[in-house]
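Analysis of the macromolecular model
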Amino acid sequence: MEFRQIQYFVTVAEVLNFGRAAEQLGIGQPGVSQQIARLERELGVQLFDRSARAVRLTEAGQRFLPAARSVLAAVAHARTAATAVPTRRLRLGTSTGLGERLEVVVAELSSEGMHVELVSTSTRARLERVKAGQLDAAFVRGTAEAAGLEFVPVWDDDLLIALPRTAAPGHDVDLTDLRELPLRITDRRTNPPLVDLVLSACAAAGFEPVLGPRSNNLQDTHAAIGAGAPSWTVIYESHARLLREGRVVFRRPRPRLALTTSLAVPAGTTVGGDLAVLLEACRRASDQFE
């Protein structure tokens, strides 16, 4: 049994006319008739009733038709599987606050035909997953070192001061102007680079901030500040761009506060292939916010 015989049979069965089937197949009618006759001899049954003026399927032909269609579908599926371009997948660790930059990165990667799987978890968990091969790369902020990993800087994340609208000036904020206000900031063990940056900047400005209630949820912190509580916090500018100013407003600090964002990748990774595409996407995301 040949594939072309099955193909010819299905075509004739669908149009019930040898001539029209031959036209669809782009061959002569004798060729169609001969191949189907050979198929019938091999199967030992008549597939078509040719006794009447109209061609009809016999009972055997009716039983054979669904199976023949399945063979054609299976061959088409196999051909597609063999010739299709494999889907490129990138597993990328993320964190809160990447904001519009992350949107640009994902859009750039998608335009390159890459499926991006985002995994948001703690810094430690992200690094462990990169080392274990469960993530291809991960965004991390601040100076980082970890055995078996390399860190490629991609951009600097500026921090803004978040204040109640009722207490916020209409211009940039000197850190010294915040010395009397409680600082709402996450626990250091949750985000050491961020906490160290802010506390060091306050110390350099000549004061130690009064620490207010802690929350590891930025939404809750903003809700408390927006309710009029005399306090402040910091937020990444890229994330602030996604939020609407209302009861909470954002001001640039003096001096500038910023953390470097890097990509953590397995040590020895060659800067090529999908990593090169990812780095180029990060560069474009950085350029949009310069």
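The shown structure was predicted, so the numbers you read here are calculated from the model rather than taken from an experiment.

About the criteria used
Residues numbered from 1 in each chain as written. Predicted model: local features only at pLDDT ≥ 70, side-chain atom pairs only at ≥ 80, totals over all residues. Heavy atoms only, no water. Patch = residues over 30% accessible without salt bridge, like charges linked within 9 Å, V, L, I, M, F, W, Y side chains within 5 Å. Areas by Shrake-Rupley, 256 points an atom, 1.4 Å probe, with all protein chains shown as cover. Salt bridge = Lys/Arg side-chain N within 4 Å of Asp/Glu carboxyl O. Helix = DSSP H or I, 4+ residues; strand = E, 2+ residues; numbered from the N terminus. Axes fitted to C-alpha atoms, helices over the stretch in contact; angles between N-to-C directions. Parallel < 35°, antiparallel > 145°, perpendicular 65-115°, else oblique. Left-handed = near helix turned anticlockwise from the far one by under 90°. Contact = heavy atoms within 4.5 Å. Nonpolar A, V, L, I, M, F, W, Y, C, P; charged D, E, K, R; others polar. Core = buried A, V, L, I, M, F, W, Y, C linked by side-chain atoms within 4.5 Å. Buried < 20%, exposed > 50% of the residue type's maximum accessible area, 1.4 Å probe, protein only. 1 Å grid on protein atoms, 1.4 Å probe; cavity = no way out; pocket = protein on both sides within 12 Å on 5 of 7 lines; lining within 4 Å. Points joined across faces, edges and corners; volume = space filled by probe spheres on them.

1. A few points about a nonpolar patch on the surface
A contiguous nonpolar patch, built from Met1, Leu43 and Val45 and spanning about 220 Å² of accessible area, is present on the exposed surface. By the secondary structure assignment, leucine 43 is in helix α3 (residues 29-43).

2. So, the packing of helix α1 (residues 3-15) against helix α4 (residues 59-83)
Orientation of α1 relative to α4, taken along the N-to-C sense of each, is 125 degrees, at an axis distance of 9 Å. The angle between the axes of α1 and α4 places the two elements in the oblique class. For the crossing formed where α1 meets α4, the hand is left-handed. In this structure, α1 uses Phe3, Ile6, Gln7, Phe9, Val10, Ala13 and Glu14 to contact α4, whose residues at the interface are Gly61, Phe64, Leu65, Ala68, Arg69, Val71, Leu72 and Val75. For the contact of α1 with α4, the class distribution of residues is 11 nonpolar, 2 polar and 2 charged.

3. Quick notes on the nonpolar core
Among the nonpolar cores identified, the biggest contains 23 residues, and Val105, Leu109, Phe139, Trp155, Leu263, Leu278 and Cys282 are the most heavily contacted of them. Residue assignment for this core shows that the elements contributing at least two residues are β3 (88-94), α5 (99-111), β4 (114-120), β5 (137-141), β6 (149-164), β11 (258-266) and α10 (273-287). Of all the elements, α10 adds the most residues to this core, at 7 residues. The residues touching leucine 278, leaving out its near neighbours within four places in the chain, are Leu90, Leu92, Val105, Leu109, Ala137 and Leu263. Membership of the second largest hydrophobic core comes to 22 residues, among which are Ile185, Ala201, Val249 and Leu259.

4. Overview of the pattern of salt bridges
Enumeration over the complete set of coordinates arrives at 18 salt bridges. Between glutamate 40 and arginine 50 there is a salt bridge, and its shortest N-O distance comes to 3.1 Å. Of this pair, glutamate 40 sits in helix α3 while arginine 50 sits in the loop between β1 (48-49) and β2 (56-57), and the two are 10 residues apart along the sequence. Since its relative accessible area comes to 37%, arginine 50 is described here as partly exposed. Close ionic contact of arginine 256 with aspartate 158 constitutes a salt bridge, the shortest N to O distance being 2.5 Å. Of this pair, arginine 256 sits in the loop between β10 (253-254) and β11 while aspartate 158 sits in strand β6, placing them 98 residues apart in sequence. Accessibility expressed as a relative area gives 54% for arginine 256, which makes it exposed. If you follow the salt bridges from partner to partner, you end up with Glu108, Glu280, Arg283, Arg284 and Asp287 in one network.

5. Some remarks on empty space enclosed by the protein
Counted according to the given criterion, the structure contains 1 cavity of 30 Å³ or more. The computed volume of the largest cavity comes to approximately 50 Å³. Arg101, Asp156, Asp158, Glu237, Ser238, Arg241 and Phe289 together form the lining of the largest cavity. Mapped by element, the contributors of at least two residues to the lining of the largest cavity are β6 and α9 (237-240). Split into classes, the residues belonging to the lining of the largest cavity amount to 1 nonpolar, 1 polar and 5 charged.

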